[in-house]
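Chain by chain, the residues run as shown.
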2 protein chains.
Amino acid sequence: MPTLTFKLNDHLYVRDPQHTQLGLRIISKSIEMIDELGFEQFTFKKLAHEIDSTEASIYRYFENKHRLLLYLIAWYWNWLEYRIDIFTSAVADPKEKLRACLRVIAEEKKYDPTFEFVNEEALHRIVIAELDKTYLTKGVDGYNQEGLFGGLKSLCKKISGIILQINPTYEFAPSLVSTILVTANQQLFFANHLPTLTALKADPERYQKLYNFLENMAFRSIQA
Amino acid sequence: MPTLTFKLNDHLYVRDPQHTQLGLRIISKSIEMIDELGFEQFTFKKLAHEIDSTEASIYRYFENKHRLLLYLIAWYWNWLEYRIDIFTSAVADPKEKLRACLRVIAEEKKYDPTFEFVNEEALHRIVIAELDKTYLTKGVDGYNQEGLFGGLKSLCKKISGIILQINPTYEFAPSLVSTILVTANQQLFFANHLPTLTALKADPERYQKLYNFLENMAFRSIQA
DNA sequence: CGATAAATGATAGTAATGCTATCATTTCAG
DNA sequence: CTGAAATGATAGCATTACTATCATTTATCG
(Lines give C-alpha, C1' and ligand atoms only; values in the text may rest on other atoms or scores of the structure.)
Protein backbone atom coordinates (compact mmCIF):
# COMPACT_ATOMS: atom_id res chain seq x y z
CA MET A 1 0.00 0.00 0.00
CA PRO A 2 1.42 3.40 -0.93
CA THR A 3 1.92 5.83 1.91
CA LEU A 4 -0.15 8.88 1.15
CA THR A 5 0.74 12.37 2.23
CA PHE A 6 -1.36 15.51 2.40
CA LYS A 7 -0.30 18.71 0.77
CA LEU A 8 -0.50 21.10 3.66
CA ASN A 9 -0.12 24.86 3.51
CA ASP A 10 3.53 25.93 3.10
CA HIS A 11 3.37 28.41 5.91
CA LEU A 12 2.80 25.70 8.47
CA TYR A 13 6.40 24.60 8.33
CA VAL A 14 9.86 25.85 7.47
CA ARG A 15 11.01 22.62 5.86
CA ASP A 16 8.42 20.00 4.90
CA PRO A 17 8.63 17.30 7.59
CA GLN A 18 6.95 14.70 5.39
CA HIS A 19 10.01 14.58 3.14
CA THR A 20 12.71 13.47 5.55
CA GLN A 21 13.34 10.85 8.20
CA LEU A 22 13.91 13.44 10.88
CA GLY A 23 10.78 15.31 9.86
CA LEU A 24 8.66 12.20 10.14
CA ARG A 25 10.10 11.40 13.54
CA ILE A 26 9.28 14.93 14.68
CA ILE A 27 5.64 14.50 13.66
CA SER A 28 5.32 11.03 15.04
CA LYS A 29 6.94 11.72 18.38
CA SER A 30 5.40 15.14 18.89
CA ILE A 31 1.92 13.60 18.59
CA GLU A 32 2.84 11.07 21.22
CA MET A 33 4.33 13.66 23.54
CA ILE A 34 1.69 16.37 23.21
CA ASP A 35 -0.90 13.71 23.90
CA GLU A 36 0.91 12.63 27.05
CA LEU A 37 2.18 15.92 28.40
CA GLY A 38 -0.34 18.39 27.07
CA PHE A 39 0.72 21.20 24.82
CA GLU A 40 1.95 23.51 27.59
CA GLN A 41 4.32 20.99 29.11
CA PHE A 42 5.56 19.87 25.72
CA THR A 43 8.79 21.59 24.62
CA PHE A 44 11.13 21.28 21.67
CA LYS A 45 13.92 20.48 24.08
CA LYS A 46 12.07 17.47 25.45
CA LEU A 47 11.12 16.38 21.95
CA ALA A 48 14.71 16.72 20.75
CA HIS A 49 15.87 14.54 23.57
CA GLU A 50 13.29 11.84 22.80
CA ILE A 51 14.16 11.61 19.13
CA ASP A 52 17.91 11.90 19.77
CA SER A 53 18.21 15.16 17.95
CA THR A 54 18.61 18.79 18.98
CA GLU A 55 16.41 21.77 19.57
CA ALA A 56 18.11 23.60 16.73
CA SER A 57 17.27 20.85 14.26
CA ILE A 58 13.59 20.94 15.15
CA TYR A 59 13.51 24.68 14.66
CA ARG A 60 14.65 24.02 11.11
CA TYR A 61 11.31 22.27 10.50
CA PHE A 62 8.94 24.37 12.58
CA GLU A 63 9.24 28.05 13.36
CA ASN A 64 7.87 27.43 16.84
CA LYS A 65 5.80 25.00 18.79
CA HIS A 66 2.54 26.75 18.03
CA ARG A 67 3.06 26.25 14.30
CA LEU A 68 3.74 22.60 14.96
CA LEU A 69 0.36 22.36 16.67
CA LEU A 70 -1.27 24.18 13.76
CA TYR A 71 0.40 21.68 11.45
CA LEU A 72 -0.81 18.62 13.34
CA ILE A 73 -4.35 19.88 13.58
CA ALA A 74 -4.41 20.94 9.94
CA TRP A 75 -3.30 17.41 9.17
CA TYR A 76 -6.19 16.08 11.22
CA TRP A 77 -8.78 18.14 9.31
CA ASN A 78 -7.31 16.98 6.04
CA TRP A 79 -7.55 13.40 7.20
CA LEU A 80 -11.16 13.85 8.30
CA GLU A 81 -12.10 15.33 4.96
CA TYR A 82 -10.32 12.51 3.19
CA ARG A 83 -12.36 10.01 5.21
CA ILE A 84 -15.55 11.91 4.54
CA ASP A 85 -14.80 11.84 0.84
CA ILE A 86 -14.36 8.09 0.97
CA PHE A 87 -17.66 7.53 2.71
CA THR A 88 -19.73 10.04 0.77
CA SER A 89 -18.45 9.70 -2.77
CA ALA A 90 -20.67 6.75 -3.64
CA VAL A 91 -23.73 8.23 -1.96
CA ALA A 92 -26.23 10.22 -4.02
CA ASP A 93 -28.90 11.24 -1.54
CA PRO A 94 -27.76 14.38 0.32
CA LYS A 95 -29.44 13.27 3.54
CA GLU A 96 -27.46 10.05 3.48
CA LYS A 97 -24.37 12.06 2.64
CA LEU A 98 -24.89 14.17 5.70
CA ARG A 99 -25.36 11.09 7.81
CA ALA A 100 -22.09 9.71 6.49
CA CYS A 101 -20.34 12.95 7.45
CA LEU A 102 -21.74 12.82 10.95
CA ARG A 103 -20.69 9.22 11.30
CA VAL A 104 -17.11 10.09 10.40
CA ILE A 105 -17.15 13.06 12.75
CA ALA A 106 -18.58 11.12 15.67
CA GLU A 107 -16.82 7.81 15.23
CA GLU A 108 -14.05 6.57 17.48
CA LYS A 109 -10.75 7.42 15.83
CA LYS A 110 -8.38 4.54 15.25
CA TYR A 111 -4.94 4.13 13.76
CA ASP A 112 -5.12 4.45 9.99
CA PRO A 113 -2.30 2.40 8.39
CA THR A 114 -2.50 4.54 5.28
CA PHE A 115 -0.45 7.07 7.22
CA GLU A 116 2.25 5.17 8.99
CA PHE A 117 3.79 8.02 10.88
CA VAL A 118 0.58 9.31 12.46
CA ASN A 119 -1.23 7.83 15.44
CA GLU A 120 -4.72 9.10 14.75
CA GLU A 121 -6.08 8.03 18.08
CA ALA A 122 -3.57 10.18 19.94
CA LEU A 123 -3.98 12.97 17.42
CA HIS A 124 -7.70 13.00 18.03
CA ARG A 125 -7.09 13.44 21.75
CA ILE A 126 -4.85 16.37 20.88
CA VAL A 127 -7.57 17.89 18.74
CA ILE A 128 -10.05 17.47 21.57
CA ALA A 129 -7.77 19.09 24.11
CA GLU A 130 -5.90 21.69 22.08
CA LEU A 131 -7.99 22.66 19.05
CA ASP A 132 -9.05 25.97 20.48
CA LYS A 133 -5.46 27.00 21.03
CA THR A 134 -4.98 27.06 17.28
CA TYR A 135 -7.31 29.98 16.72
CA LEU A 136 -7.91 31.50 20.14
CA THR A 137 -4.79 33.61 20.00
CA LYS A 138 -3.95 37.20 19.25
CA GLY A 139 -2.44 36.06 15.98
CA VAL A 140 -5.61 34.56 14.45
CA ASP A 141 -6.09 37.12 11.76
CA GLY A 142 -2.55 36.75 10.57
CA TYR A 143 -2.70 32.97 10.60
CA ASN A 144 -5.97 33.10 8.77
CA GLN A 145 -4.49 35.29 6.05
CA GLU A 146 -1.70 32.81 5.64
CA GLY A 147 -4.37 30.19 5.05
CA LEU A 148 -3.45 28.07 8.05
CA PHE A 149 -7.07 27.20 8.80
CA GLY A 150 -7.75 26.00 5.30
CA GLY A 151 -8.42 22.44 6.39
CA LEU A 152 -11.19 23.30 8.80
CA LYS A 153 -12.69 25.87 6.48
CA SER A 154 -12.72 23.49 3.55
CA LEU A 155 -14.45 20.81 5.58
CA CYS A 156 -16.99 23.28 6.88
CA LYS A 157 -17.74 24.46 3.37
CA LYS A 158 -18.19 20.94 2.07
CA ILE A 159 -20.68 19.92 4.73
CA SER A 160 -22.52 23.23 4.46
CA GLY A 161 -22.97 22.48 0.77
CA ILE A 162 -24.60 19.17 1.55
CA ILE A 163 -26.94 20.84 4.04
CA LEU A 164 -28.00 23.38 1.45
CA GLN A 165 -28.79 20.55 -0.93
CA ILE A 166 -31.17 19.19 1.68
CA ASN A 167 -32.74 22.54 2.46
CA PRO A 168 -31.65 25.52 0.34
CA THR A 169 -33.51 27.96 2.57
CA TYR A 170 -31.69 27.08 5.79
CA GLU A 171 -30.00 30.26 6.95
CA PHE A 172 -27.32 29.04 9.32
CA ALA A 173 -25.44 26.30 7.48
CA PRO A 174 -21.85 27.30 8.29
CA SER A 175 -22.77 28.06 11.90
CA LEU A 176 -24.43 24.70 12.33
CA VAL A 177 -21.47 22.89 10.80
CA SER A 178 -18.81 24.66 12.83
CA THR A 179 -20.92 24.04 15.92
CA ILE A 180 -21.10 20.34 15.11
CA LEU A 181 -17.39 20.03 14.38
CA VAL A 182 -16.40 21.75 17.58
CA THR A 183 -19.06 20.30 19.81
CA ALA A 184 -18.30 16.73 18.75
CA ASN A 185 -14.91 17.04 20.39
CA GLN A 186 -16.13 19.10 23.29
CA GLN A 187 -18.82 16.62 24.29
CA LEU A 188 -16.25 13.82 24.36
CA PHE A 189 -14.06 15.95 26.59
CA PHE A 190 -16.96 16.69 28.91
CA ALA A 191 -17.83 13.00 29.07
CA ASN A 192 -14.34 12.35 30.41
CA HIS A 193 -13.93 15.33 32.71
CA LEU A 194 -17.10 17.35 33.28
CA PRO A 195 -19.92 14.83 33.04
CA THR A 196 -22.59 17.21 34.27
CA LEU A 197 -22.19 19.17 31.05
CA THR A 198 -23.10 16.33 28.75
CA ALA A 199 -25.55 13.50 28.21
CA LEU A 200 -22.69 11.22 27.15
CA LYS A 201 -20.98 8.89 29.53
CA ALA A 202 -17.35 7.86 29.51
CA ASP A 203 -18.22 4.42 28.17
CA PRO A 204 -17.71 2.68 24.81
CA GLU A 205 -21.19 3.64 23.61
CA ARG A 206 -20.44 7.32 23.82
CA TYR A 207 -19.58 7.53 20.13
CA GLN A 208 -22.97 6.15 19.18
CA LYS A 209 -24.72 8.50 21.55
CA LEU A 210 -22.69 11.39 20.24
CA TYR A 211 -23.79 10.47 16.73
CA ASN A 212 -27.41 10.38 17.85
CA PHE A 213 -27.11 13.78 19.47
CA LEU A 214 -25.51 15.34 16.40
CA GLU A 215 -27.92 13.70 13.97
CA ASN A 216 -30.90 14.86 15.96
CA MET A 217 -29.54 18.39 16.20
CA ALA A 218 -28.53 18.62 12.56
CA PHE A 219 -31.59 17.15 10.87
CA ARG A 220 -34.09 18.92 13.04
CA SER A 221 -32.32 22.25 12.72
CA ILE A 222 -32.31 22.16 8.95
CA GLN A 223 -35.78 20.78 8.32
CA ALA A 224 -37.86 23.17 6.24
CA MET B 1 -27.86 51.30 44.75
CA PRO B 2 -26.05 48.68 46.83
CA THR B 3 -23.04 47.08 45.25
CA LEU B 4 -23.70 43.37 45.07
CA THR B 5 -21.03 40.72 45.23
CA PHE B 6 -21.12 37.06 44.33
CA LYS B 7 -20.04 34.39 46.71
CA LEU B 8 -17.50 32.55 44.64
CA ASN B 9 -15.79 29.30 45.51
CA ASP B 10 -13.06 29.76 48.14
CA HIS B 11 -10.50 27.85 46.16
CA LEU B 12 -10.48 30.43 43.40
CA TYR B 13 -8.48 32.86 45.49
CA VAL B 14 -6.06 33.00 48.38
CA ARG B 15 -7.53 36.15 49.88
CA ASP B 16 -10.97 37.33 48.75
CA PRO B 17 -10.34 40.23 46.37
CA GLN B 18 -13.86 41.60 46.74
CA HIS B 19 -13.12 42.64 50.32
CA THR B 20 -10.24 45.07 49.82
CA GLN B 21 -9.32 48.06 47.74
CA LEU B 22 -6.29 46.33 46.32
CA GLY B 23 -8.31 43.24 45.52
CA LEU B 24 -10.90 45.21 43.62
CA ARG B 25 -8.22 47.00 41.66
CA ILE B 26 -6.68 43.64 40.76
CA ILE B 27 -9.99 42.42 39.40
CA SER B 28 -10.81 45.60 37.60
CA LYS B 29 -7.44 46.11 36.00
CA SER B 30 -6.82 42.48 35.17
CA ILE B 31 -10.04 42.42 33.15
CA GLU B 32 -8.87 45.44 31.23
CA MET B 33 -5.42 44.03 30.65
CA ILE B 34 -6.34 40.47 29.71
CA ASP B 35 -8.82 41.93 27.26
CA GLU B 36 -6.15 44.09 25.68
CA LEU B 37 -3.13 41.83 25.82
CA GLY B 38 -4.68 38.39 25.72
CA PHE B 39 -4.12 35.96 28.54
CA GLU B 40 -0.70 34.77 27.38
CA GLN B 41 0.82 38.23 27.22
CA PHE B 42 -0.74 39.25 30.50
CA THR B 43 1.53 38.84 33.53
CA PHE B 44 1.31 39.65 37.22
CA LYS B 45 4.37 41.82 36.84
CA LYS B 46 2.66 44.00 34.25
CA LEU B 47 -0.52 44.11 36.29
CA ALA B 48 1.41 45.09 39.41
CA HIS B 49 3.01 47.92 37.56
CA GLU B 50 -0.34 49.20 36.27
CA ILE B 51 -2.01 49.26 39.67
CA ASP B 52 1.12 50.60 41.41
CA SER B 53 1.59 47.52 43.47
CA THR B 54 3.94 44.55 43.40
CA GLU B 55 3.97 41.05 42.05
CA ALA B 56 4.24 39.66 45.57
CA SER B 57 1.08 41.45 46.66
CA ILE B 58 -0.93 40.02 43.80
CA TYR B 59 0.24 36.53 44.65
CA ARG B 60 -1.33 37.10 48.05
CA TYR B 61 -4.71 37.25 46.33
CA PHE B 62 -4.31 34.69 43.58
CA GLU B 63 -2.15 31.61 43.64
CA ASN B 64 -1.31 32.11 40.00
CA LYS B 65 -2.59 33.72 36.88
CA HIS B 66 -4.60 30.71 35.81
CA ARG B 67 -6.65 30.86 39.01
CA LEU B 68 -7.26 34.52 38.37
CA LEU B 69 -8.71 33.60 34.98
CA LEU B 70 -10.82 30.90 36.58
CA TYR B 71 -12.03 33.48 39.05
CA LEU B 72 -13.00 36.03 36.41
CA ILE B 73 -14.82 33.48 34.30
CA ALA B 74 -16.58 31.99 37.31
CA TRP B 75 -17.71 35.52 38.07
CA TYR B 76 -19.05 35.81 34.54
CA TRP B 77 -21.15 32.65 34.81
CA ASN B 78 -22.52 33.84 38.12
CA TRP B 79 -23.43 37.11 36.55
CA LEU B 80 -25.14 35.40 33.61
CA GLU B 81 -27.16 33.19 35.92
CA TYR B 82 -28.11 36.23 37.98
CA ARG B 83 -29.35 37.93 34.81
CA ILE B 84 -31.21 34.83 33.72
CA ASP B 85 -32.89 34.68 37.09
CA ILE B 86 -34.03 38.26 36.71
CA PHE B 87 -35.53 37.67 33.30
CA THR B 88 -37.10 34.28 33.97
CA SER B 89 -38.43 34.63 37.52
CA ALA B 90 -41.68 36.26 36.45
CA VAL B 91 -42.22 33.92 33.52
CA ALA B 92 -44.35 30.83 33.97
CA ASP B 93 -44.35 29.17 30.57
CA PRO B 94 -41.21 27.06 30.20
CA LYS B 95 -40.93 27.84 26.50
CA GLU B 96 -40.89 31.54 27.28
CA LYS B 97 -38.41 30.87 30.05
CA LEU B 98 -36.10 29.16 27.60
CA ARG B 99 -36.44 32.07 25.20
CA ALA B 100 -35.50 34.44 27.99
CA CYS B 101 -32.40 32.36 28.72
CA LEU B 102 -31.36 32.41 25.11
CA ARG B 103 -31.88 36.15 24.93
CA VAL B 104 -29.58 36.69 27.89
CA ILE B 105 -27.01 34.31 26.43
CA ALA B 106 -27.07 35.89 22.99
CA GLU B 107 -27.44 39.55 23.92
CA GLU B 108 -24.68 42.10 23.59
CA LYS B 109 -23.01 42.44 26.96
CA LYS B 110 -22.85 45.93 28.40
CA TYR B 111 -21.51 47.49 31.55
CA ASP B 112 -23.74 46.60 34.49
CA PRO B 113 -23.56 49.37 37.12
CA THR B 114 -24.67 46.92 39.80
CA PHE B 115 -21.06 45.72 39.80
CA GLU B 116 -18.90 48.81 39.76
CA PHE B 117 -15.55 47.11 39.58
CA VAL B 118 -16.33 44.87 36.60
CA ASN B 119 -16.43 45.88 32.96
CA GLU B 120 -18.76 43.22 31.64
CA GLU B 121 -18.18 44.13 28.02
CA ALA B 122 -14.46 43.46 28.34
CA LEU B 123 -15.10 40.42 30.50
CA HIS B 124 -17.32 38.97 27.80
CA ARG B 125 -14.52 39.35 25.29
CA ILE B 126 -12.28 37.49 27.71
CA VAL B 127 -14.82 34.70 28.01
CA ILE B 128 -15.04 34.48 24.24
CA ALA B 129 -11.30 34.31 23.80
CA GLU B 130 -10.14 32.44 26.89
CA LEU B 131 -12.98 30.29 28.19
CA ASP B 132 -11.53 27.06 26.90
CA LYS B 133 -8.29 27.67 28.73
CA THR B 134 -10.14 27.30 32.01
CA TYR B 135 -10.92 23.63 31.49
CA LEU B 136 -8.70 22.49 28.62
CA THR B 137 -5.75 21.82 30.88
CA LYS B 138 -4.16 18.82 32.48
CA GLY B 139 -5.49 20.03 35.81
CA VAL B 140 -9.22 19.86 34.95
CA ASP B 141 -10.09 16.97 37.16
CA GLY B 142 -8.46 18.58 40.15
CA TYR B 143 -10.11 21.93 39.49
CA ASN B 144 -13.42 20.22 39.05
CA GLN B 145 -13.09 18.45 42.38
CA GLU B 146 -12.40 21.78 44.02
CA GLY B 147 -15.67 22.97 42.53
CA LEU B 148 -14.14 25.68 40.39
CA PHE B 149 -16.56 25.10 37.52
CA GLY B 150 -19.60 25.41 39.74
CA GLY B 151 -20.87 28.50 37.95
CA LEU B 152 -21.02 26.93 34.53
CA LYS B 153 -22.39 23.67 35.85
CA SER B 154 -25.11 25.39 37.81
CA LEU B 155 -26.20 27.41 34.80
CA CYS B 156 -26.20 24.32 32.63
CA LYS B 157 -28.31 22.46 35.13
CA LYS B 158 -30.82 25.27 35.41
CA ILE B 159 -31.40 25.54 31.68
CA SER B 160 -31.49 21.77 31.27
CA GLY B 161 -34.27 21.75 33.82
CA ILE B 162 -36.30 24.18 31.76
CA ILE B 163 -35.80 22.08 28.66
CA LEU B 164 -37.03 18.99 30.45
CA GLN B 165 -40.13 20.90 31.47
CA ILE B 166 -40.81 21.51 27.80
CA ASN B 167 -40.08 17.96 26.74
CA PRO B 168 -39.36 15.43 29.48
CA THR B 169 -38.36 12.80 26.94
CA TYR B 170 -35.53 14.78 25.35
CA GLU B 171 -32.39 12.76 25.86
CA PHE B 172 -29.62 15.28 25.40
CA ALA B 173 -30.50 18.25 27.59
CA PRO B 174 -27.11 18.92 29.20
CA SER B 175 -25.32 18.36 25.89
CA LEU B 176 -27.59 20.78 24.11
CA VAL B 177 -27.17 23.41 26.81
CA SER B 178 -23.40 23.19 27.01
CA THR B 179 -23.28 23.31 23.23
CA ILE B 180 -25.40 26.46 23.25
CA LEU B 181 -23.37 28.16 25.97
CA VAL B 182 -20.10 27.46 24.26
CA THR B 183 -21.22 28.01 20.70
CA ALA B 184 -22.76 31.38 21.49
CA ASN B 185 -19.31 32.73 22.24
CA GLN B 186 -17.61 30.79 19.50
CA GLN B 187 -19.91 32.07 16.77
CA LEU B 188 -19.22 35.65 17.82
CA PHE B 189 -15.51 34.94 17.66
CA PHE B 190 -15.86 33.42 14.21
CA ALA B 191 -17.87 36.42 13.05
CA ASN B 192 -14.91 38.61 13.94
CA HIS B 193 -12.06 36.41 12.78
CA LEU B 194 -13.10 33.37 10.74
CA PRO B 195 -16.25 34.46 8.92
CA THR B 196 -16.40 31.40 6.68
CA LEU B 197 -17.22 29.34 9.77
CA THR B 198 -20.37 31.22 10.65
CA ALA B 199 -23.56 32.70 9.24
CA LEU B 200 -23.12 35.77 11.44
CA LYS B 201 -21.48 38.92 10.22
CA ALA B 202 -19.37 41.31 12.24
CA ASP B 203 -22.18 43.87 12.31
CA PRO B 204 -24.51 45.18 15.05
CA GLU B 205 -27.26 42.72 14.07
CA ARG B 206 -25.10 39.74 14.87
CA TYR B 207 -26.58 39.37 18.34
CA GLN B 208 -30.07 39.11 16.91
CA LYS B 209 -28.94 36.60 14.33
CA LEU B 210 -27.12 34.62 16.98
CA TYR B 211 -30.34 34.51 18.97
CA ASN B 212 -32.23 33.28 15.93
CA PHE B 213 -29.68 30.56 15.31
CA LEU B 214 -29.76 29.37 18.91
CA GLU B 215 -33.54 29.54 19.18
CA ASN B 216 -33.97 27.57 15.99
CA MET B 217 -31.44 24.96 17.10
CA ALA B 218 -32.80 24.65 20.63
CA PHE B 219 -36.50 24.48 19.97
CA ARG B 220 -36.26 22.19 17.01
CA SER B 221 -33.85 19.86 18.78
CA ILE B 222 -36.11 19.40 21.77
CA GLN B 223 -39.46 19.13 20.03
CA ALA B 224 -41.19 15.87 20.78
C1' DC C 1 34.93 9.08 -6.91
C1' DG C 2 35.58 13.51 -5.16
C1' DA C 3 33.87 18.13 -4.43
C1' DT C 4 30.31 20.83 -2.89
C1' DA C 5 26.24 21.92 -0.78
C1' DA C 6 22.67 20.71 2.30
C1' DA C 7 21.23 18.86 6.59
C1' DT C 8 22.13 17.99 11.18
C1' DG C 9 24.54 18.20 15.66
C1' DA C 10 26.82 20.54 19.55
C1' DT C 11 27.02 24.17 22.37
C1' DA C 12 26.26 28.69 24.15
C1' DG C 13 23.66 32.51 25.18
C1' DT C 14 19.57 35.69 26.16
C1' DA C 15 15.38 37.95 27.59
C1' DA C 16 11.21 36.90 29.65
C1' DT C 17 8.24 34.17 32.60
C1' DG C 18 6.30 32.32 36.67
C1' DC C 19 7.12 31.83 40.53
C1' DT C 20 9.31 31.84 45.89
C1' DA C 21 11.53 33.92 49.74
C1' DT C 22 12.87 37.47 52.90
C1' DC C 23 12.57 41.51 55.33
C1' DA C 24 11.01 46.22 55.92
C1' DT C 25 7.22 49.34 56.21
C1' DT C 26 2.59 50.83 56.44
C1' DT C 27 -2.13 50.32 57.95
C1' DC C 28 -5.66 48.85 60.80
C1' DA C 29 -8.21 46.96 64.85
C1' DG C 30 -8.90 46.25 69.64
C1' DC D 1 -0.82 52.46 71.83
C1' DT D 2 0.42 48.06 70.60
C1' DG D 3 0.49 44.00 67.98
C1' DA D 4 -0.96 41.85 63.97
C1' DA D 5 -2.18 41.95 59.32
C1' DA D 6 -1.42 43.72 54.81
C1' DT D 7 1.53 45.55 51.60
C1' DG D 8 5.90 47.00 49.44
C1' DA D 9 10.69 46.33 47.97
C1' DT D 10 13.98 43.57 46.37
C1' DA D 11 16.37 39.47 45.12
C1' DG D 12 16.74 35.14 43.25
C1' DC D 13 15.92 30.86 40.52
C1' DA D 14 14.67 27.28 37.25
C1' DT D 15 12.49 26.96 32.93
C1' DT D 16 11.09 28.41 28.46
C1' DA D 17 11.29 29.85 23.85
C1' DC D 18 13.99 31.06 21.13
C1' DT D 19 18.73 32.77 18.27
C1' DA D 20 23.39 32.31 16.82
C1' DT D 21 27.62 30.08 15.62
C1' DC D 22 30.45 26.66 14.10
C1' DA D 23 31.59 21.84 13.38
C1' DT D 24 30.36 17.52 11.38
C1' DT D 25 27.86 14.28 8.81
C1' DT D 26 25.19 13.00 4.73
C1' DA D 27 23.41 13.44 0.18
C1' DT D 28 24.06 15.00 -4.64
C1' DC D 29 25.92 15.58 -8.95
C1' DG D 30 29.32 16.19 -12.46
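Let me begin by describing the structure that accompanies this report. (Residues numbered from 1 in each chain as written. Chains lettered and ligands numbered in written order. Predicted model: local features only at pLDDT ≥ 70, side-chain atom pairs only at ≥ 80, totals over all residues. Heavy atoms only, no water.)

### Focus on the protein's contact with DNA strand C
Inclusion rule: Proximity is defined per residue: if any heavy atom of the residue lies within 4 Å of a molecule or strand, that residue is considered near it. We call two N or O atoms a polar contact when they sit within 3.5 Å, provided that within protein one can donate a hydrogen and the other can accept it, with sequence-adjacent residues counted only if both atoms are side-chain atoms.
Lining the immediate environment of DNA strand C, one finds 17 residues, of which S53(A), S57(A), R60(A), Y61(A) and E55(B) sit closest. When atoms of DNA strand C within 4 Å of the protein are split into backbone and base, the sugar-phosphate part holds 56%. Measuring from a phosphate oxygen of DNA strand C, one finds a side-chain N or O atom of S53(A) at 2.3 Å. Y61(A) places a side-chain nitrogen or oxygen 2.8 Å from a phosphate oxygen of DNA strand C.

### Some thoughts on the interface of chain A and chain B
The line we're drawing: Note on definitions: a residue-residue contact is assigned when non-hydrogen atoms from the two residues lie within 4.5 Å. Joining two parts hides part of their accessible area as seen by a 1.4 Å probe, and the buried area is that hidden amount summed over both. When a carboxyl oxygen of Asp or Glu lies within 4 Å of a side-chain nitrogen of Lys or Arg, that pair is called a salt bridge. Comment: elements are numbered from the N terminus, with helices defined as DSSP H or I runs of at least four residues and strands as E runs of at least two.
Contact residues are listed per partner, giving 50 residues for chain A and 50 residues for chain B. Note on chain A versus chain B: buried area summed over both sides is about 4,100 Å², and carbon and sulfur give 60% of it. For the pair chain A and chain B, the interface holds 0 salt bridges. Across the chain A-chain B interface, the total number found is 32 residue pairs in polar contact (both at pLDDT 80 or more). Listed by contribution, the elements that provide at least two residues to the side of chain A that touches chain B are α1 (21–37), α6 (120–135), α7 (140–146), α8 (150–166), α9 (173–193) and α10 (206–222) of chain A.

### A word on the protein's contact with DNA strand D
Inspection of the region around DNA strand D gives 16 residues, with E55(A), S53(B), S57(B), R60(B) and Y61(B) positioned closest. The sugar-phosphate share of atoms of DNA strand D within 4 Å of the protein amounts to 59%. Residue S53(B) places a side-chain N or O atom 2.4 Å away from a phosphate oxygen belonging to DNA strand D. Put simply, the parts of the chain that give the surface near DNA strand D at least two residues each are α3 (55–59) of chain A together with α3 (55–59) of chain B.

### Let's talk about the relation of the copies chain A and chain B
Condition: Superposing copies: least-squares fit, C-alpha atoms only, residues required to have pLDDT of at least 70 in both.
With an axial shift of 0.0 Å and an RMSD of 0.0 Å, the rotation relating chain A to chain B amounts to 180°. Such a combination of rotation and displacement between the chain copies is what one expects of a two-fold axis. Ranked by how close their C-alpha atoms come to the rotation axis, the residues of chain A are headed by R220(A), at 2.8 Å. By residue overlap, the copies meet face to face through one surface: 100% of the interface positions of chain A are interface positions in chain B.

### Points about the packing of aromatic side chains
Residue and element names in this part refer to chain B. Counted only if it meets this: Stacked, edge-to-face and tilted are the three classes for Phe, Tyr and Trp ring pairs, Trp counted by its six-membered ring, which pair at centre distances within 6.5 Å; planes under 30 degrees apart are stacked, over 60 edge-to-face, the rest tilted. Here, a charge over a ring is recorded when the distance from Lys NZ or Arg CZ to the ring centre is within 6 Å and its angle to the ring normal is within 35 degrees.
Taken as a whole, this structure holds 32 aromatic pairs over all chains when the rule is applied. A ring pair is formed by F44 and Y59, whose centres lie 4.9 Å apart and whose planes are at 70°; its orientation type is edge-to-face. Placement of the pair is F44 in helix α2 (residues 44–50) and Y59 in helix α3, with a sequence separation of 15 residues. Seen from the ring of F39, K65 lies directly overhead, with NZ or CZ sitting 4.7 Å from the centre.

### Comments concerning the nonpolar core
Side chains that are nonpolar tend, in soluble globular proteins, to be buried together. Stated formally: Here the nonpolar core consists of buried residues drawn from Ala, Val, Leu, Ile, Met, Phe, Trp, Tyr and Cys, with membership extended through side-chain atoms lying within 4.5 Å. Residue exposure (1.4 Å probe, protein chains only): buried if accessible area is under 20% of the type maximum, exposed if over 50%, otherwise partly exposed.
By size, the foremost hydrophobic cluster in this structure holds 171 residues, and its most contacted members are Y135(A), L214(A), Y135(B) and L214(B). In this structure, L214(B) is in contact with L102(B), I105(B), A106(B), I180(B), T183(B) and A184(B), ignoring residues within four places of it in sequence.

### Here we look at the state of the cysteines
Selection criterion: Only a pair of cysteine sulfur atoms within 2.5 Å qualifies as a disulfide here.
Counted by the stated rule, this structure contains 0 disulfides over all chains. C101(A) provides the cysteine sulfur closest to C156(A), a residue in no disulfide bond, and the two sulfurs are 11 Å apart.

### Considerations on α1(A)
Owing to its 3.6 residues per turn, the α-helix aligns residues three or four sequence positions apart on the same side. Residue and element names in this part refer to chain A. As a reminder, the rule being used: The span expected for a helix works out to 1.5 Å for each residue beyond the first.
Between its first and last C-alpha, α1 extends 24 Å over 17 residues, near the 24 Å set by a 1.5 Å rise per residue. Among all positions in α1, only L22, G23, I26, I27, S30, I31, M33, I34 and D35 are buried. Packing partners of the buried residues in α1 comprise α2 (44–50), α3, α4 (65–88) and α6. Once α1 finishes, G38 follows within two positions and takes phi at roughly 85°, a positive value.

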